[in-house]
Structure formats: structure tokens, C-alpha cells
Amino acid sequence: MRILPRLHQLPVRLATGAFVLNAGLSMAAGDEDNAAAVHGMAVNAYPFLGKLDPQRFVWLLSRAEIAVGAALLVPVVPSLVAGAALTALAGGLVGLYLRTPSLRREGSLRPSQEGIGVAKDVWLLGIGTSLVAEELCCRSRPGSPA
């Protein structure tokens, strides 16, 4: 597995990592009302999360975002690992968007006004899968650097 990212991956890793890290830090600084709102939205999409206390859920989610953001920012974390972590996080967020009808226009995948903030997570999913795909593709090509 390639340890250092390819040079052309650095801008996307830095921009995405800073965005995700900021989201995690902002969520960690939230209050009880914010925790209840975030948890409530998550439970509507993923009912099994109802077993978690809202504060605990937001604590875990914020730590996950902080870890993924840091993994993207730290160049010694392989792009395959950072991309896989981003893909997992973004996949859950896109799932939230798809499972919450009020976030989308009726009968459409297009976001409603309330859904714009969550719909952007599809970009994170695309970035994560691109990092993973490139690493898997390049690793399997004959003559490509490891």
C-alpha cells in the first residue's frame, strides 16, 4: 500500500479534510438542543440509533468526523485508508438524505431548501470513492508505482 498520497491528491485531501474536521469540531462544541436535533434526524433515518443517548451519539459522530478530517489532512495516512473512511462517513450521510423525505423535493432526488446542507454530502462520497478507486486501480496496474 502506498503511504504518501500522490501529489494531485493533496489539494482535494486538504480541502475536504479541513471541511470535515471543522464539521466535527463544530458539532463537538454544540449544546444539548443541537444534540437532540441531530440525533432525532439520525434516528428517523436509522432507527437503531434510538438506543443511543443524544449526547453520546453526537459525541461519537463528532469524533468520527474529527478522525476522518485528520486522516485526510495528515499525508502519512494512505489515500486508500483516508478515502475508505471518508466513503463510510459520507455514505451514512447520503443515506440520511435519501431516507428523510423532507430533505428532498416531492418525487425527486433534488434537495428541498432544508436538504441542501445534507445533499452536499454526495460530494464527499464522490471524493472518498475516487480516492479509493484510484488507489485500487493504480495498485493493480502492471508497472505502476506501489
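Residues numbered from 1 in each chain as written. Predicted model: local features only at pLDDT ≥ 70, side-chain atom pairs only at ≥ 80, totals over all residues. Heavy atoms only, no water.

Participant: Mind showing me how you'd approach the overall build of the protein chain here?
Facilitator: Along the backbone of the protein chain there are six helices and zero strands. Projected onto the principal axes, the alpha-carbon positions of the protein chain cover approximately 50 × 35 × 25 Å. Residues counted as buried form 36% of the 146 residues belonging to the protein chain. Taking the intrachain contacts of the protein chain between residues at least 6 apart in sequence as the baseline, contacts between residues at least 24 apart amount to 67%. Counting only carbon and sulfur atoms, one obtains 67% of the accessible surface of the protein chain, whose full area is about 8300 Å². Counting 13 positive and 10 negative side-chain charges, the protein chain places the centres of these two groups 12 Å from one another. (Helix = DSSP H or I, 4+ residues; strand = E, 2+ residues; numbered from the N terminus. Buried < 20%, exposed > 50% of the residue type's maximum accessible area, 1.4 Å probe, protein only. Contact = heavy atoms within 4.5 Å. Areas by Shrake-Rupley, 256 points an atom, 1.4 Å probe, with all protein chains shown as cover. Lys, Arg positive; Asp, Glu negative; His and termini not counted. Charge placed at Lys NZ, Arg CZ, Asp CG, Glu CD.)

Participant: Teacher, can you tell me more about a negative patch on the surface here?
Facilitator: The grouping of Asp-31, Glu-32, Asp-33 and Asp-53 at the surface amounts to a negative patch. Using a relative accessible area of 46% as the deciding quantity, one classes Asp-31 as partly exposed. (Patch = residues over 30% accessible without salt bridge, like charges linked within 9 Å, V, L, I, M, F, W, Y side chains within 5 Å. Salt bridge = Lys/Arg side-chain N within 4 Å of Asp/Glu carboxyl O.)

Participant: Teacher, can you tell me more about a nonpolar patch on the surface here?
Facilitator: Residues Ile-3, Leu-4, Val-74 and Val-76 make up a contiguous nonpolar surface patch of about 350 Å² in total accessible area. You can see Leu-4 is positioned in the segment before helix H1 (10–28).

Participant: Is there a simple way to explain the packing of helix H2 (residues 32–45) against helix H3 (residues 54–73) in this structure?
Facilitator: Packed helix pairs are specified by the crossing angle of their axes together with the interaxial distance, meaning the distance between the axes. Between H2 and H3, whose axes approach to 8 Å, the crossing angle comes to 80°. Put simply, H2 runs roughly perpendicular to H3. Between H2 and H3, the contacting residues are Glu-32, Ala-35, Ala-36, Val-38, His-39 and Ala-42 on the first element and Pro-54, Gln-55, Phe-57, Val-58 and Leu-61 on the second. Broken down by class, the residue content of the contact of H2 with H3 amounts to eight nonpolar, two polar and one charged. (Axes fitted to C-alpha atoms, helices over the stretch in contact; angles between N-to-C directions. Parallel < 35°, antiparallel > 145°, perpendicular 65-115°, else oblique. Nonpolar A, V, L, I, M, F, W, Y, C, P; charged D, E, K, R; others polar.)

Participant: Is there a simple way to explain the environment of Asn-34 in this structure?
Facilitator: For Asn-34, the location among the structural elements is in helix H2. Between the C-alpha atom of Asn-34 and that of Gly-92, which follows or precedes it by 58 residues, the distance is 19 Å.

Participant: Explain the nonpolar core here, please?
Facilitator: Note on soluble globular proteins: their nonpolar side chains tend to be buried together. Counting 26 residues, the largest nonpolar core has Val-20, Phe-57, Val-68, Leu-72, Leu-86 and Leu-89 as the members making the most contacts within it. Of the residues forming this core, the biggest block, seven residues, is contributed by helix H4 (residues 79–99). Setting aside its immediate chain neighbours within four residues, Leu-89 contacts Val-20, Leu-61, Glu-65 and Val-68. (Core = buried A, V, L, I, M, F, W, Y, C linked by side-chain atoms within 4.5 Å.)

Participant: It is not clear to me how H2 should be interpreted in this structure. Could you clarify?
Facilitator: In an α-helix, one full turn covers 3.6 residues, which means residues spaced three or four apart are oriented alike. For H2, which comprises 14 residues, the first-to-last C-alpha distance of 20 Å matches the rise-based estimate of 20 Å (1.5 Å per residue) to within 8%. When we look at burial in H2, the residues that qualify are Ala-35, His-39, Ala-42 and Ala-45. Each buried residue of H2 lies within a common arc of 120° when the element is viewed along its axis, so the set occupies one face. In this structure, H2 carries Asp-33 and Asn-44 as exposed residues pointing more than 90 degrees from its buried face. Each element contacted by the buried residues of H2 is listed here: H3 and H4. (Expected span 1.5 Å × (residues − 1). Arc of directions from axis to C-beta.)

Participant: It is not clear to me how the confidence of the model for the protein chain should be interpreted in this structure. Could you clarify?
Facilitator: Note that predicted coordinates carrying low pLDDT should not be read in detail. Predicted confidence across the protein chain gives a mean pLDDT of 92, with 94% of residues reaching 70 or more. Confidence scores differ between elements of the protein chain, with helix H5 (residues 116–119) showing the lowest mean pLDDT of 88 and H3 the highest of 97. (pLDDT = per-residue confidence, 0-100.)

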